[in-house]
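If you want the building blocks of each chain, they are given just below.
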Amino acid sequence: MQKHNPSFIERIAEKLHLIENLHKEELVELPSLTEPGDLTSYPPPEKWDDWTEYEALSGQRREKKNYMIIPTTCFNCEAGCGLLSYVDKETMRVRKFEGNPYHPGSRGRNCAKGPATINQINDTDRILYPMRRKGARGAGEWERVSWNEVLDDIAAKIRTALQEDRRNEVVYHVGRPGHEGFMDRILQAWGVDGHNSHTNICSAGARFGYAIWQGADRPSPDHGNAQFIFLISAHLESGHYFNPHAQRIIEGMMNGAKLAVMDTRLSNTASMADYWMPSYPGSEAAVLLAIANILIQEKLYNKEFLQNWVNWRESLQAMNPNVEVTFDNFIAELEKLYAEYTPEFAESESGVTAKMIREVAQQIGRAGTRFSAHNWRSAGAGNLGGWAVARCLHFLNVLTGSVGTVGGTLPSAWNKFKPKGFSTPPAQKFWNELHFPLEYPLSHYEMSFLLPHFLKENRGKLAVYFTRVFNPVWTYPDGFTWIEALSDEKKIGMHIALTPTWNETAYFADYVLPMGHSSERHDLTSYETHSGMWISFRQPVLREAARKMGKDVKFTYETNPGEVWEEDEFWFELSWRIDPDGELGIRKHFISPYREGEKITIDEYYQYIFENTKGLPEKAAEENLTPLEYMRKYGAFEVEPAVYNQHLNALSEADLEGAETDENGNVRKNGKVIGVMIDGAARTGFNSPSRKQEFYSATTKDWGWSEYAVPTYVKSHIHPENLDASKNEIVLVPTFRLPTLIHTRSGNAKWLAEISNRNPLWMHTSDGERWGITTGDLVR
Amino acid sequence: MNYGFIIDNRKCIGCHACTVACKAEHEVPVGVNRTWVKYIEKGTFPDTRRLFSVMRCNHCADAPCVEICPVTALFTRNDGIVDFDSRRCIGCKACTQACPYDALYMHPDEHTAAKCNYCSHRTDIGLEPACVNVCPEHAIISGDMDNPLTEISQLLAREVVQVRKPEKGTKPKLFYIDGDNASLDPTGTNPETDYMWSSQSSGVGHFAKYAENRIVNSPLKEEVKKQNFVQIEPRKKARRVYDAPNKGVLWGWEVSAYIWTKAIAAGAFLIPVLGGYFMEIPAPLKQLGAVIAFVFLAITGVLLIMDLGRPDRFLNVLFRPQFKSWLSRGAYIITIYGGLLTLWLLASFLNFGNLLKYIEPLGIIFALLSAVYTAFLFAQAKGRDFWQSPMLGLHMLIHSLMAGFAIFLTASLFVQMSVSFLMALTFFTIITLIFHLISLAIELTTTHTTDDAHATVKMITGGEFSRQFWLGMILAGNTLPLLLLLAGQIWAFALAGALILTGLYFAEHIWVKAPQRIPLS
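Residues numbered from 1 in each chain as written. Chains lettered and ligands numbered in written order. Predicted model: local features only at pLDDT ≥ 70, side-chain atom pairs only at ≥ 80, totals over all residues. Heavy atoms only, no water.

Another point: the interface of chain B and chain A. Facing the 77 residues of chain B at the interface are 75 residues of chain A. On the surface where chain B and chain A come into contact, there are 8 salt bridges. Applying the counting criterion to the chain B and chain A interface returns 34 residue pairs in polar contact (both at pLDDT 80 or more). Ranked by residues supplied to the side of chain B that touches chain A, first place goes to helix 1 (residues 17-26) of chain B with 8 residues. Looking at side-chain class alone, the side of chain B that touches chain A contains 35 nonpolar, 21 polar and 21 charged residues. (Contact = heavy atoms within 4.5 Å. Salt bridge = Lys/Arg side-chain N within 4 Å of Asp/Glu carboxyl O. Polar contact = N/O pair within 3.5 Å; in protein donor to acceptor, adjacent residues only side chain to side chain. Helix = DSSP H or I, 4+ residues; strand = E, 2+ residues; numbered from the N terminus. Nonpolar A, V, L, I, M, F, W, Y, C, P; charged D, E, K, R; others polar.)

This is the structure we're talking about:
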């Protein structure tokens, strides 16, 4: 702090009260955390309970503010980055959010959406109390009700449905889960197949492409250690794990990695790329197969990996039953199969130059096992055959042997923690055909966009329909069909919208129930952001602050703004009331594991998980904390610093008991392959039926799509061959995510809306000229 | 100790996290920014890319904002941080003109200036600035550049870095690794009204009140439209695709008007009193001059205070002076000149003839200083290249002489004047007008060496100010009076005077406003 030395004139004028005296108070300075000139990122955790700093707004007055620093987890996207909330002890309000340095995924850093959480907390338009509709559904009239009324009313409806065995009529439709396994457990406890998601307009296509290779349905790229990074779409601004991935992509690049980005548009990510491959939408797989072709023809593949870890015998037999089953013959078949995917062909399909495709292929071949790649939504979503993009992208990982390696691409399951809950209810033994219709046997995740159409076709109805952070009226392709279905009380008996902010779907609800933002709720999250494995604890920070101050808080809404609650406690209370006497068999799953016969508390739920998280009790004990106390204090825990090559894990003695190894090295037990024999050692392999990377997918063939059994290019519905230029048919890419916004949920974050407040249509200038459209024009 | 910043463009992904973290730390109002990310695009598909540049205060070693601040509200700390104390700020907006980097904004509610202060409230307790902490890519590096062991020192030693506008001599301490010239140079791209994701192009900070009007009333209020920057011919084929909203022309009519009234206040006293040394000037004429000077000086004071964001703090200029600032010096000059005028008037009306002898030389000196000090103030406004002209002092001196002549020419209609006085008046007015035209020609054609100044000249002589310049200033303000005076008709003198005064107003208006239309970032 530099003290101001007033001039003689100023001192006199202040003394004479001609001007305000700015020098009367002697400031007692706060101690510095560091030596002068040496700066640190965060106050040390031992000071978090009692942290005093200067209030920025007080300027040179250097007003002191005393905070409790309480960690939580960001909920503005699915990355689950760590946040530190600064709770002002005087006002018991959050002053600001910063990053949590103890979070292994985000490492103390955030994107714009992290600090903007404060806007959402303080949003003057937010819903503060449970609301019940007055008048017709969608009429826009609401009245405030108590949580008690809400719980009793909904519980009664669900109870009746369950008693009448209308188990498919209780549905929970989620946009943004933000938790690990919590809801699956609730729905299983109710005995309903009631989970619906948004995934089929999002990542389901790409997930399918990955799943049929290796069981795990998402990639976990180790960008930070890669030599070549291949991204489909804009992972430096809108990736599913935006901030954690963006950190590691750039780290990889600073360590010398090259970056290729396949993105139709000039995104920020495309701008950062060494190779921007602006592919025609839907043509991505053609480019990827051209790269595969080069890797195969130029023998840039990883022979050892292919030999050991690809189901090449089955593949070869299926592709060409007439040749001897040798690895060389498999390669020969591959050469033949992909010979047509020349870079020139790919160029004609995609517009990406053959020269660039060759260069990228060479670079990928050179990177070998240090080749990280990622496709989440983007080309995989909304395109006919979009799933083949991920299938073909992962083919490159397989060819280079970069699956599970340092700097490679890992199966998601290796890096994502599965919490062990208490009293796991059994899985339901039936399925809901409104979600998984028989016509789509390979649908990966629920065919959620068909729900309103099925309701209109009278294929079923819903008694109780929860939408949670889910706004299909706005974000789904045909919002008006959703409005029709949601407005029809015969189709949807009761619609409950769980949301922190008003949205278009909540407008058609019977109850709008305010649920907390990231600092107002409990959740456990774990995501495959990198090669490690972590868990992060989302906690209601004002409740935690109140607890630390010795206040007894029973429910989170007591400390949140208004009566904003949180889902976890809501579901506990609701489940308890659905089964008041325990006769439905639900209540037993909500009994405290610590207090016999009593209802579980939210603290006990997490206490149990943390006590059963590998390594956490020991880590906590080092600081004389219980596992729950540790998570309350640090907000996150690194379960594993790095998880590579899990497929090489040895099968245990127990696993091997009664197992046999066939002539092809498959370790079989009870009719299932449980591992792979490599050089005399039994390895667990991958999560696929063959425990290998499945180049040939018997699953796909068995369900009737033998033409898609091996990685292939499917021409999409918007392939130029399928467009009629005479009818002015053109390609519109409707999905785009900005680094600053998250679907319809960040609209009320003023600092984010300030940066991004307009939604233009981008068009190439040549198209504009063709149609006589210039910048700023309105188009329909 | 010497704090600086590095923006590492090898790593910056343009995510705006720094912008929002800064907003959260400082609760920066909507519309204005202490740090923001500018996007530009270059090239043609598919050989095109977007480039990001984080913009903010450069914490200059020779900070022009500190030098121009009249009340030490802006100051350079011992650790090199350029900080500010908004309690001292009077809202004169001089810093926004002095900063070549567009770092300062006017707080829409407080009406005081603000900018990035390196989170000095955090560094004081050993914490990194908020933007450094949040940056996902560690693309913003803070630290002590005097200590060779810090990351910033090592990067500066190893990497090629750029700064914005080094020619300004401000010694900026914000360094860009892989800085891009078309991004860092404000004239490399044109400011637009609509960007990729945003459409607020103006009406922020000082002008937030108009933006509010805009929402309530018409879609495009003239006030807001007028703040838009001029379009210039970019030297590179680059497009600006995202930027913070334009803060507008912050010195408006009050400033042009005060220069005009000040010229009159100086000239009206100077002409008869100076003239008195060479010829017989009757006391009433001198008194008339002094009274007009006094009135216009009072109006000058009112305009000066009116222009302040915080008129309630106008006394700070005198009582918290920063004597390097020509605004502070100017305030004292005007005050002393006002005092001398008062004394002169008292002495003159109370017939203390002897006293006048002592007051007049001092009065002449302070009238001259009042006339020209604004040129030094404008020279301190380093952000505006056009004002850096060495001709500006002369220009203002001539203007006050012209104003003085014009006042008496106009007054000739109402007041009895001797023929010899009128002849001298006409003669010297003609000489001054000719001299003025010559000096104008020199100022507009030869002395400006930078792009910004050239663009300003173009705007004046051939652009949006050309009508005001050619018709208002050159024709009405100089040529017609010249012709009228040469015609030698007594009736025409008053008209010539009025025309000169009108022309002068156009001149001040153009000179104040045009340079502010050039974007600083």
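As a rule of thumb, nonpolar side chains are buried together in soluble globular proteins. Formed by 211 residues in total, the largest nonpolar core has its most connected members in A:Leu259, B:Phe269, B:Phe378, B:Phe469 and B:Trp511. By residue number, the principal contributor to this core is helix 10 (residues 253-275) of chain B, which donates 13 residues. Excluding residues that lie within four positions of it along the chain, A:Leu259 makes contacts with A:Ile229, A:Leu231, A:Leu236, A:Ile249, A:Met253, A:Thr269, A:Met272, A:Ala273, A:Asp274 and A:Tyr275. A:Trp190, A:Phe305, A:Ala390 and A:Tyr608 belong to the second largest nonpolar core, which has 124 residues in total. (Core = buried A, V, L, I, M, F, W, Y, C linked by side-chain atoms within 4.5 Å. Buried < 20%, exposed > 50% of the residue type's maximum accessible area, 1.4 Å probe, protein only.)

Each aromatic ring pair is specified by the distance between its two centres and by the angle formed by the two planes. Scanning the entire structure with this criterion turns up 76 aromatic pairs over all chains. On the numbers, 5.4 Å between centres and 85° between planes, the contact of A:Phe470 with A:Tyr476 is edge-to-face. The burial state of A:Phe470 is the same as that of A:Tyr476; both residues are buried. These aromatic residues form a ring-pair network of at least three members: A:Trp213, A:Trp312, A:Phe327, A:Phe330, A:Tyr338, A:Tyr341, A:Phe345, A:Phe395, A:Phe695 and A:Tyr713. Positioned over the ring face of A:Tyr129 is A:Arg144, at 3.5 Å from the centre of the ring. The lysine or arginine in question, B:Arg56, covers the ring of B:Phe5, its NZ or CZ lying 4.7 Å from the ring centre. (Phe/Tyr/Trp six-rings, centres within 6.5 Å; stacked < 30°, edge-to-face > 60°. Lys NZ or Arg CZ within 6 Å of the ring centre and 35° of its normal.)

Next up on the list: helix 15 (residues 392-411) of chain B. Owing to its 3.6 residues per turn, the α-helix brings residues three or four apart onto one side. If you check helix 15 of chain B, its first and last C-alpha atoms are 28 Å apart, about what 20 residues at 1.5 Å a residue would give, namely 28 Å. Most of helix 15 of chain B sits inside the fold, with 15 of its 20 residues counted as buried. (Expected span 1.5 Å × (residues − 1).)

All right, on to the packing of helix 11 (residues 283-307) of chain B against helix 13 (residues 326-349) of chain B then. All names here are of chain B. Two numbers describe how helix 11 lies on helix 13: the axes approach to 10 Å, and their chain directions differ by 150°. Compared by their axis directions, helix 11 and helix 13 come out roughly antiparallel. Along this stretch, helix 11 crosses helix 13, giving a crossing that reads as left-handed. Judged by residue contacts, Lys286, Gln287, Ala290, Val291, Ala293, Phe294, Leu297, Thr300 and Leu304 of helix 11 engage Ile334, Tyr337, Gly338, Leu341, Thr342, Trp344, Leu345, Ser348 and Phe349 from helix 13. The class makeup of the residues in the contact of helix 11 with helix 13 is 12 nonpolar, 5 polar and 1 charged. (Axes fitted to C-alpha atoms, helices over the stretch in contact; angles between N-to-C directions. Parallel < 35°, antiparallel > 145°, perpendicular 65-115°, else oblique. Left-handed = near helix turned anticlockwise from the far one by under 90°.)

What follows deals with the packing of helix 14 (residues 353-380) of chain B against helix 15 of chain B. All names here are of chain B. The contact between helix 14 and helix 15 brings their axes to 8 Å, and the two run at 150°. Helix-helix and strand crossings are classified by hand; for helix 14 and helix 15 the assignment is right-handed. On helix 15, the residues touching Leu368, Ala371, Val372, Thr374, Ala375 and Phe378 of helix 14 are Leu392, Gly393, Met396, Leu397 and Ser400. Across the contact of helix 14 with helix 15, the residue classes tally to 8 nonpolar, 3 polar and no charged.

To continue, consider the state of the cysteines. Residue and element names in this part refer to chain B. On inspection of all chains with the given rule, the structure shows 0 disulfides over all chains. Here Cys92 is not cross-linked by a disulfide; its sulfur's nearest cysteine counterpart is in Cys95, at 6.0 Å. According to the relative accessible area criterion, Cys92 is buried, its value standing at 9%. Summary of cysteine pairing: Cys131 is not part of a disulfide, and the nearest cysteine sulfur, belonging to Cys119, is at 6.3 Å. (Disulfide = S-S within 2.5 Å.)

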